[in-house]
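So you can see what is in the structure, the chains are spelled out below.
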Amino acid sequence: MSNVYENEISKISSYMIKDHFRILSLLHGFEMNFDNNLDVKIESFKTFKWHLEKHVFVEERAIFLSNKNDKSIEDFSLLFEISNQHNEIMKEVTNIIQNLKINSGFEIVKLRGLLIKHLNFEEKIAYPRLDEIISKSEKNRIINSIKDIIFEI
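All of the points below concern the structure found in this document. Here the structure is a predicted model, which means the values were calculated and not measured.

Looking at the overall build of the chain
Then step 1. Counting its regular elements, the chain contains 6 helices and 0 strands.
Then step 2. Each helix and strand of the chain, ordered N terminal to C terminal, gives the series α-α-α-α-α-α.
Then step 3. In the chain, which comprises 153 residues, the share counted as buried stands at 42%.
Then step 4. Counting only contacts in the chain whose residues sit at least 6 apart along the sequence, the fraction spanning at least 24 positions is 79%.
Then step 5. As presented, the chain carries roughly 8,800 Å² of accessible surface, and 54% of it is formed by carbon and sulfur atoms.

Listed below in structure tokens is the structure:
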């Protein structure tokens, strides 16, 4: 196995970025169901929501709670920012699901914008920082959690 490939496999960011693509793809799939009946739209959105919830769970539990005693002020600031972004995204998801259930109008543009802003923040700032500060053994534990929870291997 090439050294470059091994280095990428051992990065948390590799797994989480792959999941970002899946989440955006599921949102796009939901958007493609606009012309379908309400039940199909709701099921499509619930699938998106389920994968998003698993992603958030992994980030907040398995990743950001690791090595909690070794975190700097910068690391806590990063966690706080990501947690706030998660809350804002999930609030918008809740609004959309409530509007879907009563067959009311809803806007997906805001959710898509929040997601893209958040994913860019994670990919450019948060994940590189995590890959830098987390020990190899902790990284392996987190990657196994990611595989179990997100990718259901």
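Further notes follow.
Details of the nonpolar core
Then step 1. Formed by 19 residues in total, the largest nonpolar core has its most connected members in I12, M16, I63 and I146.
Then step 2. Those elements that place two or more of their residues in this core are α2 (12–32), α3 (38–63), α4 (73–101), α5 (109–133) and α6 (136–149).
Then step 3. At 4 residues, α5 tops the list of elements feeding residues into this core.
Then step 4. When residues no more than four places from it in sequence are discounted, the contact partners of I63 are I12, M16, V58, L130, I142 and I146.

Concerning the environment of F21
Then step 1. Relative to the elements of secondary structure, F21 occurs in helix α2.
Then step 2. Accessibility expressed as a relative area gives 59% for F21, which makes it exposed.
Then step 3. Taking the C-alpha atoms as reference points, F21 and L119, separated by 98 residues in sequence, lie 9.6 Å from one another.

Some thoughts on the side chain of D19
Then step 1. Relative to the helices and strands, D19 is located in helix α2.
Then step 2. In terms of polar contacts, D19 uses its side chain to reach the side chain of R22, at 3.0 Å.
Then step 3. For D19, the side chain forms a polar contact with the side chain of H55, separated by 2.7 Å.
Then step 4. Each residue touching D19, except ones within four places of it in the same chain, is listed here: H51, H55, I150 and F151.

Concerning the packing of α2 against α5
Then step 1. The N-to-C vectors of α2 and α5 enclose an angle of 175 degrees; their axes lie 10 Å apart at closest approach. Here α2 is positioned roughly antiparallel relative to α5, judged by the angle of their axes. Residues I12, S13, M16, I17, H20, I23, L24, L27, H28 and E31 of α2 form the contact with α5, whose participating residues are L111, R112, L115, I116, L119, E122, E123, Y127 and D131.

Conventions adopted
Residues numbered from 1 in each chain as written. Predicted model: local features only at pLDDT ≥ 70, side-chain atom pairs only at ≥ 80, totals over all residues. Heavy atoms only, no water. Helix = DSSP H or I, 4+ residues; strand = E, 2+ residues; numbered from the N terminus. Buried < 20%, exposed > 50% of the residue type's maximum accessible area, 1.4 Å probe, protein only. Contact = heavy atoms within 4.5 Å. Areas by Shrake-Rupley, 256 points an atom, 1.4 Å probe, with all protein chains shown as cover. Core = buried A, V, L, I, M, F, W, Y, C linked by side-chain atoms within 4.5 Å. Polar contact = N/O pair within 3.5 Å; in protein donor to acceptor, adjacent residues only side chain to side chain. Axes fitted to C-alpha atoms, helices over the stretch in contact; angles between N-to-C directions. Parallel < 35°, antiparallel > 145°, perpendicular 65-115°, else oblique.

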